[in-house]
Amino acid sequence: MYSRTQNENGSYNTRCLDCFMTIAFCVETDEELDRLEVHHVCPEKALAGLLAREKSIASKSLSN
Ligand SMILES: [Zn+2]
């Protein structure tokens, strides 16, 4: 999820709603926003994935 805001000069900023990091500012076009958002590696999502994996490893070792 990303939050896009428009600047007074018509350019855009985009911010990730998961980690609240500003990914880009003063971007001119929608295409560029799409490209930048796709390339954002979200630390929050990475952390959530890591925790989920650790949990599944922990539950496996408990059942053994
Ligand atoms: Zn993020």
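Because the structure is a prediction, the values reported are computed rather than measured. As a convention, each chain's residues are numbered from 1 in the sequence order in which they are written. Only residues with pLDDT of at least 70 are given local features in this predicted model, and only at 80 or more are side-chain atom pairs given and counted; all residues enter the totals for whole chains, interfaces and linings.

A short note on unusual backbone geometry
In the Ramachandran plot, F20 falls in the positive-phi region, its phi being about 60 degrees despite a non-glycine side chain. Segments assigned H or I by DSSP are reported as helices when at least four residues long, segments assigned E as strands when at least two residues long, and all are numbered from the N terminus. Relative to the assigned elements, F20 resides in the loop between β2 (12–16) and β3 (22–27). Neighbour counting defines burial: a residue surrounded by 20 or more other C-beta atoms within 10 Å of its own C-beta is buried, one with 12 or fewer is exposed, and intermediate counts give partly exposed, using backbone-placed C-beta atoms. Exposure remark for F20: the 9 C-beta atoms within 10 Å place this residue in the exposed category. Of note in the backbone geometry, C26 takes a positive phi value of approximately 55 degrees without being a glycine. With respect to the secondary-structure elements, C26 resides in strand β3. Under the C-beta neighbour-count criterion, C26 is labelled exposed, with 10 such atoms within 10 Å.

Description of the sheet that holds β2
Read across the sheet, 3 strands follow the order β1-β2-β3 without closing on themselves; strand pairing throughout is antiparallel. In this open sheet, the two strands that pair with only one neighbour each are β1 (2–6) and β3. On average, each strand axis in the sheet is inclined to that of its neighbour by 15 degrees, with strand direction left out of account. A pair of strands is considered paired only if DSSP assigns at least 2 bridges between the two. Axis definition: a line fit to C-alpha positions, over the contact stretch in the case of helices; interaxial angles, taken between N-to-C directions, run 0 to 180 degrees.

Comments concerning the confidence of the model for the protein chain
When pLDDT is averaged along the protein chain, the result is 94, and 97% of the positions lie at 70 or above. Put simply, helix α2 (residues 43–63) is where the protein chain has its lowest mean pLDDT, 90, and β2 is where it has its highest, 98. Across the chain, each position has a pLDDT score giving the predictor's confidence in that residue, from 0 to 100.

Some points on the pairing of β3
For β2 and β3, the ladder comprises 3 bridges, and the chain directions are antiparallel. Within the sheet, the bridge partner assigned to T14 lies in β3 and is A24. The loop that links β2 with its antiparallel partner β3 comprises 5 residues; one of these, F20, has a positive phi angle of about 60 degrees.

Looking at the pairing of β1
Of all the 5 residues making up β1, 0 are buried; the element is thus mostly uncovered. The pairing of β1 with β2 spans 5 bridges and is antiparallel. For T5, the partnering residue across the bridge sits in β2 and is N13. The turn joining β1 and β2, which pair antiparallel and follow one another in sequence, is formed by 5 residues; a positive phi near 95 degrees is taken by G10.

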